[in-house]
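Coordinates in review
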Amino acid sequence: MIDSKTKLLGLIGHPVEHSLSPIMHNEALRHRNLNYVYLAFDVHPNNLKYVVNGAKALETFSGFNVTVPHKVEIIKYLDEIDREAQLIGAVNTVKIKDNKAIGYNTDGLGVRMSLEEEIGKVKGKNILIIGAGGAARAVSFELAKDNTITIINRTVENAKTLAKDISNKLNKNIGYGGLNIDIEDYNILIHTTPVGMYPNINAKPIIDVDKINKDMIVMDLIYNPMETVLLKESRKRGAKTINGLGMLVYQGAIAFEIWTGIKPDVKVMKRKIENII
Ligand code: NAP
């Protein structure tokens, strides 16, 4: 029941109407009996500058998620940014506490937790990241801590920029290249581009699927459809496949705990989303 003690959580982005986060978080909040509501707010880029002070002024606001196109721009309005978000240079979660807005990035850890749920500890692996956009950035920074990472991308220059940035900040050697590199040497492939996402679900994968074999793990960050052409073709070749639903749920679960101090039930979150996609 909503009453005068109900606290507010939310998502800011532009657009936000297709987001599954309100459904996922409200289900998890209800399940833990927490007196919060989570709403989606469509914030035009011109209005982003008002959001943080506005949220601070409304005492009921506990925090919010940040999505495209505000993940980088929001940083200049925050009071503090945790180390992970600083490294990545983007924020997807803001906590409001004691009139301070603190930025976090839970995307990279979300991918690690999803991977580890499926295959156990991810350490010392040879990982290929396909794509060099915002999602690739968060994932690469997280997994580069204890794995060998190579980033490939349609625009090689973007892969190079990301690889150099990680190399400099983590003092690690990060490989990069174009989409035509030999993929056979990698244990784990993580596809981070929108190719194959709804509504273009029949788009041809951007890597040569005939090079995928049964010893590989292929993850696609897309969750709509649950099984992209890339995952289907990888499964046919015997590879273990993982879709983007786990990332969505775990990045949300970490944010939930940052705001409320309580771990949500990820199974409840996952089931709710599976039922609506
Ligand atoms: P982004 O910053 O716009 O990056 C897009 C990347 O995809 C770039 O590397 C771009 O290459 C590449 N790309 C785009 N169209 C391509 C094409 N036709 N052929 C080859 N490469 C192409 O996007 P993002 O924020 O990283 O998000 C990417 C995807 O990740 C989303 O579409 C979504 O499916 C997924 N995602 C999932 C979750 C989750 O919770 N599961 C969360 C975030 C994102 P160039 O550099 O050459 O342009």
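All of these numbers come straight from a predicted model, not from anything done at the bench.

Our focus in this paragraph is unusual backbone geometry. Between His-14 and the following residue, Pro-15, the backbone shows a cis peptide bond with an omega angle of 5 degrees. With respect to the element layout, Pro-15 can be found in the loop between strand E1 (7–13) and helix H1 (21–31). Note the cis peptide between Asn-224 and Pro-225, where omega equals 10 degrees. Mapped onto the elements of the fold, Pro-225 is located in the loop between strand E11 (217–220) and helix H7 (229–236). Even without being glycine, Asn-171 reaches a positive phi, approximately 55 degrees.

The next thing to look at is the nonpolar core. Counting residues in each nonpolar core, the largest one holds 30 residues, and the members touching the most others are Leu-115, Ile-151 and Ile-190. The residue makeup of this core includes at least three contributed by each of domain 1 (7–105 + 247–274) and domain 2 (108–243). Ranked by size, the runner-up nonpolar core spans 21 residues in total, among them Leu-20, Val-249, Phe-256 and Trp-259.

Here we take up the packing of helix H4 (residues 107–119) against helix H8 (residues 245–260). Their axes nearest at 7 Å, the elements H4 and H8 cross at an angle of 125 degrees. Taken together, the axis directions place H4 and H8 in an arrangement best described as oblique. Judged by the twist between their axes, the crossing of H4 over H8 is right-handed. Taken together, the residues of H8 that come into contact with H4 (itself represented by Asp-107, Leu-109, Gly-110, Val-111, Met-113, Ser-114 and Glu-117) are Gly-246, Met-247, Tyr-250, Gln-251 and Ile-254. Residues belonging to the contact of H4 with H8 are distributed by class as follows: six nonpolar, four polar and two charged.

Once that is clear, we can look at the domain arrangement of the protein. Note on interface size: it is often stated as the accessible area lost on association of the parts. Domain boundaries assigned for the protein yield domain 1 (7–105 + 247–274) and domain 2 (108–243). The centre of domain 1, based on its C-alpha atoms, is set 25 Å off from the matching centre of domain 2. Around 1,400 Å² of area is buried between domain 1 and domain 2 when both sides are counted, 66% of it from carbon and sulfur atoms. Our enumeration of links across domain 1 and domain 2 arrives at two salt bridges. Breaking the side of domain 1 that touches domain 2 down by element, the ones donating at least two residues are helix H3 (83–88), H8 and helix H9 (266–276). Counting residues per element, the side of domain 1 that touches domain 2 draws most heavily on H8, which supplies five residues. Each residue belonging to the side of domain 1 that touches domain 2 can be placed in one class, and the counts come to seven nonpolar, three polar and three charged.

Rules used throughout
- Residues numbered from 1 in each chain as written.
- Predicted model: local features only at pLDDT ≥ 70, side-chain atom pairs only at ≥ 80, totals over all residues.
- Heavy atoms only, no water.
- Helix = DSSP H or I, 4+ residues; strand = E, 2+ residues; numbered from the N terminus.
- Core = buried A, V, L, I, M, F, W, Y, C linked by side-chain atoms within 4.5 Å.
- Buried < 20%, exposed > 50% of the residue type's maximum accessible area, 1.4 Å probe, protein only.
- Domains from an automatic or database assignment.
- Axes fitted to C-alpha atoms, helices over the stretch in contact; angles between N-to-C directions.
- Parallel < 35°, antiparallel > 145°, perpendicular 65-115°, else oblique.
- Left-handed = near helix turned anticlockwise from the far one by under 90°.
- Contact = heavy atoms within 4.5 Å.
- Nonpolar A, V, L, I, M, F, W, Y, C, P; charged D, E, K, R; others polar.
- Buried area = accessible area lost by both parts, 1.4 Å probe.
- Salt bridge = Lys/Arg side-chain N within 4 Å of Asp/Glu carboxyl O.

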